[in-house]
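# Reading the structure
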Amino acid sequence: MPGVVRKLPGRHCRHFVRGRCFLEEHRNPGLDRKIRCGVFIGLAEAFDAHWRRFEAFGLDEAAAARIWNERFPDLLDRQSCCRHYLPGDNENFLGCVHAEGDICLRAMPVCPGQCPFYVLSREPSTNG
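Residues numbered from 1 in each chain as written. Predicted model: local features only at pLDDT ≥ 70, side-chain atom pairs only at ≥ 80, totals over all residues. Heavy atoms only, no water.

### Some details on the overall build of the chain
Helix and strand content of the chain: 3 helices and 4 strands. Taking all 128 residues of the chain together, 30% fall into the buried category. Put simply, 65% of the contacts in the chain that link residues at least 6 apart link residues at least 24 apart. (Helix = DSSP H or I, 4+ residues; strand = E, 2+ residues; numbered from the N terminus. Buried < 20%, exposed > 50% of the residue type's maximum accessible area, 1.4 Å probe, protein only. Contact = heavy atoms within 4.5 Å.)

### A word on the pattern of salt bridges
Across all of its chains, the model carries 7 salt bridges by this definition. The partner of E100 in a salt bridge is R18, and the shortest N-O contact between them spans 3.0 Å. Linking E100 in strand β3 (residues 99-100) with R18 in the loop between β1 (16-17) and β2 (20-21), this pair joins segments that are 82 residues apart in sequence. A salt bridge links R27 to E24; the nearest nitrogen and oxygen atoms lie 3.1 Å apart. Of this pair, R27 and E24 are both found in helix α1 (residues 23-27), 3 residues apart, which corresponds to roughly one turn of the helix. (Salt bridge = Lys/Arg side-chain N within 4 Å of Asp/Glu carboxyl O.)

This is the structure in structure tokens:
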């Protein structure tokens, strides 16, 4: 009686990140804005606007950095309004368990464990 393969261990696939499939992100890195963390995007846009003002007013970089550092905590409080935010012990910038860099894991498809694009990772994943 032949055996049936039910699921591959996704954690060994190169595209597996914490239970999610990053195949499309690996194929076209940074192109899909829908999977980016909205809070992170808001902060990046605020930073870009700050630097445009800094250049328009002719401030030196040290002054611009000082002003940004003074205003950043308040800006972060205003931006952190994601209804899915959960604090975690991960090392991501925003400290959200759903963040992987600037990508929201909730926007990524769940790894099915069976995939024609399964590629064995060079190093075993610790992403569980």
